[in-house]
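Descriptive analysis of the structure
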Amino acid sequence: MWYHKPVINEELLQSLPNLKVVASSGVGIDHLDLKLLSSYGVKVSNTPFVVSTDTADLGMTLMLASSRRLVEGHEMAVSPDTEYFPADWLGAEVSGATLGIVGMGTIGYKVAERAKAFEMKILYHNRSQRKKEEESAVGAVYCKKIDDLLQQSDFVLLAVNLTPQTQKLIGKRELELMKPTATLINISRGLVVDQDALVEALQNEVIKAAALDVTYPEPLPRDHPLLKMKNVIITPHIGSATKKTRWIMMEEMTESIEAGLAGRPIPREVL
């Protein structure tokens, strides 16, 4: 499966009686009905670890691009109407700012490692607290309540899996807890954010900006309000999109398929 295609439902499974394994690219499995697949005796694998480094890099890229208004700056610099660069065209500092990471798994922790190099103050909210030595290595402080993180952060970065518990994790209430100068960065799944509430928050200056690698749907309808906002950066779900990583993902998927067909234990099997 690539980009959640083909859609695996009961009709497809009934038409493929010899199906043994589904190898899905990436880490997310929210597009798969694991109980349905299991009922047909089909095993599932994904590629959870190879995507982490590139996705963390993109998280930092979005934070830097948004804070320094990179897209706006590029458009100004190349516009045929530009006669001078205004002196009062300013961005926001990343170095020394407070980063709140929601979801401190492999990707979230790699973001923290990168943010440490920018001398950022790092807060994180997770289902469980990291080991003290892991926190110390990046200087991260655990927030048991997400509200505490939202109220203190200059940048809020989402790196959680999409589950029933995380769907619309960030809604109107959570956005109103954030600083009016804060930026929301989403490198997880679009449905983690209540998109209508985000539009409203950006229009009413409840928060300053958003940088999104994921939306729902993907791509957004061409008349969607998020596409018209200067304080929003949207990229086309490219967290893992580097040549090396995509090659390794393909190799891992092939390994899983070969193992499944041969009746061997499947690497990276999703249970």
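Calculation criteria
Residues numbered from 1 in each chain as written. Predicted model: local features only at pLDDT ≥ 70, side-chain atom pairs only at ≥ 80, totals over all residues. Heavy atoms only, no water. Domains from an automatic or database assignment. Contact = heavy atoms within 4.5 Å. Buried area = accessible area lost by both parts, 1.4 Å probe. Salt bridge = Lys/Arg side-chain N within 4 Å of Asp/Glu carboxyl O. Polar contact = N/O pair within 3.5 Å; in protein donor to acceptor, adjacent residues only side chain to side chain. Nonpolar A, V, L, I, M, F, W, Y, C, P; charged D, E, K, R; others polar. Pairing = 2+ DSSP bridges. Helix = DSSP H or I, 4+ residues; strand = E, 2+ residues; numbered from the N terminus. Axes fitted to C-alpha atoms, helices over the stretch in contact; angles between N-to-C directions. Parallel < 35°, antiparallel > 145°, perpendicular 65-115°, else oblique. Left-handed = near helix turned anticlockwise from the far one by under 90°.

Some words on the domain arrangement of the protein chain
Think of interface size as the accessible area that goes away when the parts come together; that is how it is often given. According to the domain assignment, the protein chain contains domain 1 (10-49 + 241-262) and domain 2 (51-234). Of the residues lining the interface, ten residues belong to domain 1; the matching set on domain 2 comes to six residues. Summed over both partners, the interface of domain 1 with domain 2 buries about 700 Å², with 48% contributed by carbon and sulfur atoms. When the buried surface of domain 1 facing domain 2 is broken down by residue, Val27, Asp30 and Phe49 rank first, second and third, together holding 56% of it. Between Arg189 and Asp30 there is a salt bridge; the shortest N-O distance is 3.2 Å. In this assembly, domain 1 and domain 2 are joined by five residue pairs in polar contact (both at pLDDT 80 or more). Partitioned by chemical class, the residues of the side of domain 1 that touches domain 2 number four nonpolar, five polar and one charged.

Things to note about the sheet that holds strand 10 (residues 269-270)
Pairing in this open sheet of three strands is mixed, and the strands run 1-2-10 from one edge to the other. At either end of the open sheet lies a strand with only one pairing partner, and these are strand 1 (21-23) and strand 10. Inspection of the sheet shows strand 1 paired to strand 2 (residues 43-45) by three bridges, in the parallel sense. Bridge pairing in strand 2 links Val21 to Lys43. Sitting on the sheet, helix 10 (residues 243-262) touches strand 1 and strand 2, and the angle it makes with strand 1 is about 175°.

Digging into the packing of helix 3 (residues 52-67) against helix 5 (residues 106-117)
Axis separation between helix 3 and helix 5 bottoms out at 8 Å; the angle between their running directions is 50°. Comparing the axis directions of helix 3 and helix 5 gives the class oblique. Of the two elements, helix 3 crosses helix 5, and the hand of that crossing is right-handed. Facing helix 3, whose interface residues are Ser52, Thr53, Thr55, Ala56, Asp57 and Met60, helix 5 presents Thr106, Ile107, Lys110, Val111, Arg114 and Ala115. Classifying every residue of the contact of helix 3 with helix 5 by side-chain character gives five nonpolar, four polar and three charged.

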